[in-house]
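If you want the building blocks of each chain, they are given just below.
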Amino acid sequence: MFVINIIIALVIFLTSALMSWTNGIDITLGNYLWLPMGAKILVFLLFGLWALPGVLLGSLMSGYILYNFLNVDPIYGPLGSLIGAFAPMGAILLMRYFDLSTFFDSDKKLEFSHVIFLIILSFIINTLLKLFLYFGRVSGVDQQQIDSSEFILSYLTGDILGGIVFILLTIKIFMPLLIRFKLI
C-alpha cells in the first residue's frame, strides 16, 4: 500500500502542478478545470481510507511547494489543500452514513450518477470551507479581495468539471488495468 500511496501523492501533485501552471495561482479564484478534485475522489472510491496518506501527502506537497514557489502565502496554500483533501473523503463518509450510495452496483460497476452527486457534495464542502478560510484573510496575501459569488462559481466549475473529466478519462483509459486488479 505504501507504493500505491506514493503514486497517489505524485498523481495529485502533478495534476495540481499542471493545473496551477496553466492557470497560475490565485487563491481568490478557482481553476475552471481542477483535475486534482477528480483524482482525490477516484482514489478514495477505489482504495477507501487506505488512500488518505497519499492524498494528504500529494495535497500538502502541492499546497506548500507550489504556493511557495509562486510566492503566495505559505499558510493558506497548504490549509486550502488540506480542505481539498478532506472534502471528498467527508462527502463519501456522509453519503455512506446516510445510506445514499455504495457507489458500486452488485456487478462491481461504478454507478456514475452517484459519483456525480459525490462530486457535487465534495464541491459544496470544499468551496464553503475554503470560502470561510480565505474570506477576509487573503487581502494581505495577494492584495486581492474575495468576491463570494465569483469564488463559488469558479470553484463550482473547476471542481465539478475537473471531477467528471478526470474520472471519465481515467476509467476509459485505464479500464483494463482497473478490471485486472479488481478495483472495479
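The rules we used
Residues numbered from 1 in each chain as written. Predicted model: local features only at pLDDT ≥ 70, side-chain atom pairs only at ≥ 80, totals over all residues. Heavy atoms only, no water. Core = buried A, V, L, I, M, F, W, Y, C linked by side-chain atoms within 4.5 Å. Buried < 20%, exposed > 50% of the residue type's maximum accessible area, 1.4 Å probe, protein only. Helix = DSSP H or I, 4+ residues; strand = E, 2+ residues; numbered from the N terminus. Contact = heavy atoms within 4.5 Å. Expected span 1.5 Å × (residues − 1). Bend = angle between axes of the 7 residues up to and from the residue. Axes fitted to C-alpha atoms, helices over the stretch in contact; angles between N-to-C directions. Parallel < 35°, antiparallel > 145°, perpendicular 65-115°, else oblique. Left-handed = near helix turned anticlockwise from the far one by under 90°. Nonpolar A, V, L, I, M, F, W, Y, C, P; charged D, E, K, R; others polar.

**Q** Hey, could you run me through the nonpolar core in this one?
**A** Nonpolar side chains tend toward joint burial in soluble globular proteins. Counting residues in each nonpolar core, the largest one holds 42 residues, and the members touching the most others are Leu 45, Val 55, Leu 118 and Ile 167. Looking at this core, the elements with two or more residues in it are helix 1 (2–23), helix 2 (35–47), helix 3 (52–69), helix 4 (76–97), helix 5 (112–134) and helix 7 (148–180). Apart from residues lying up to four places away in sequence, Leu 118 is in contact with Ile 41, Leu 45, Pro 88, Ala 91, Ile 92, Met 95 and Phe 103.

**Q** What is the right way to read helix 4 from this model?
**A** Taking 1.5 Å of rise per residue, 22 residues should cover 32 Å, and helix 4 covers 30 Å from first to last C-alpha, within 8% of that figure. Residue Phe 86 marks the point of greatest curvature in helix 4, where the axis turns by about 25 degrees; the proline Pro 88 follows within four residues. One or two positions beyond helix 4, positive phi appears at Asp 99, with a value near 50 degrees.

**Q** What is the right way to read the environment of Leu 161 from this model?
**A** Here Leu 161 shows up in helix 7. The spacing of Leu 161 and Trp 34 is 127 residues in sequence and 7.2 Å in space, taken between C-alpha atoms.

**Q** Would you explain the packing of helix 2 against helix 4 in this entry?
**A** The geometry of helix 2 relative to helix 4 is characterised by a closest axis approach of 9 Å and an angle of 45 degrees between their N-to-C directions. Relative to helix 4, helix 2 is oriented oblique. Our pair here, helix 2 against helix 4, has a crossing hand that is right-handed. Along the contact surface, helix 2 presents Met 37, Lys 40, Ile 41, Phe 44 and Leu 45, while helix 4 presents Ser 81, Gly 84, Ala 85, Pro 88, Met 89 and Ile 92. Considered class by class, the residues forming the contact of helix 2 with helix 4 number eight nonpolar, two polar and one charged.

**Q** Explain helix 2 to me, please; I cannot follow it from the model alone.
**A** Residues spaced three or four apart along an α-helix face the same direction, because each turn holds 3.6 residues. Taking 1.5 Å as the rise per residue, helix 2 with 13 residues should run 18 Å; its terminal C-alpha atoms sit 18 Å apart, in good agreement. Of all 13 residues in helix 2, 13 are buried; the element is thus mostly enclosed. Positioned one or two residues after helix 2, Gly 48 has a phi angle of 65 degrees, which is positive.

**Q** Explain the packing of helix 2 against helix 5 to me, please; I cannot follow it from the model alone.
**A** In helix packing, the relevant descriptors are the interaxial angle and the interaxial distance, both defined with respect to the helix axes. Interhelical geometry of helix 2 versus helix 5 gives an angle of 120 degrees and a closest axis separation of 11 Å. Regarding the angle of helix 2 to helix 5, the classification is oblique. When the axes of helix 2 and helix 5 are compared, the crossing they make is right-handed. Counting all contacts with helix 2, which are made through Met 37, Ile 41 and Leu 45, the residues of helix 5 involved are Val 115, Leu 118, Ile 119, Ser 122 and Asn 126. Counted by class, the contact of helix 2 with helix 5 contains six nonpolar, two polar and no charged residues.

Fair warning: the whole summary comes from geometry, so function is off the table for now.
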